[in-house]
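# Overview (structure and organization)
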Amino acid sequence: MVTGELWIARVTPPENGEMRELLARARGLDVWERRADMLIVAADELVLAELERRGIGHVERLLPLAEFEERARHRAEGAEGEGST
């Protein structure tokens, strides 16, 4: 059962691991960006912790999803206000 806080995170394969293997073994990730050496994902804290525990990938938590969304709202509001006089 997934019930933790949602995070934006950078996930990389373990040393000597491959991205293909990481993607095949990782479940519960919403992949936002994929590069040859890393993923940017949105995922539940419990999913991220399980990736680390099982040695599937290295996880760098960047920002809680709620904070990311709040920052995006503020940027959008600022952009809308710039065109107004």
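The sections below set out a description of the structure shown in this document. What you are looking at is a predicted structure, and each value in this text was computed from that prediction instead of being measured.

Conventions we followed
Residues numbered from 1 in each chain as written. Predicted model: local features only at pLDDT ≥ 70, side-chain atom pairs only at ≥ 80, totals over all residues. Heavy atoms only, no water. Helix = DSSP H or I, 4+ residues; strand = E, 2+ residues; numbered from the N terminus. Rg over C-alpha atoms; globule rule 2.2 N^0.38 Å. Buried < 20%, exposed > 50% of the residue type's maximum accessible area, 1.4 Å probe, protein only. Contact = heavy atoms within 4.5 Å. Pairing = 2+ DSSP bridges. Axes fitted to C-alpha atoms, helices over the stretch in contact; angles between N-to-C directions.

### As for the overall build of the protein chain
- The helix and strand tally for the protein chain stands at three helices and four strands.
- For 85 residues, the compact-globule formula gives about 12 Å, and the C-alpha radius of gyration of the protein chain, at 16 Å, lies well above that figure.
- Here the C-alpha coordinates of the protein chain stretch approximately 55 × 30 × 15 Å along the principal axes.
- Relative to its 85 residues, the protein chain shows a buried fraction of 29%.
- Counting only contacts in the protein chain whose residues sit at least 6 apart along the sequence, the fraction spanning at least 24 positions is 63%.

### Quick notes on the sheet that holds strand β3 (residues 39–44)
- Spatially, β2-β3-β1-β4 is the arrangement adopted by the four strands of the open sheet, whose pairing is antiparallel. Either end of the sheet is taken by a strand with one partner, and the two such strands are β2 (30–34) and β4 (58–64). Averaged over all pairs of adjacent strands, the angle between strand axes in this sheet comes to 30°, irrespective of strand direction.
- Sheet analysis places strand β1 (residues 6–12) next to β4, joined by six bridges and oriented antiparallel. Bridge pairing in β4 places T12 opposite H58.

The analysis is restricted to geometry; functional conclusions fall outside its scope.
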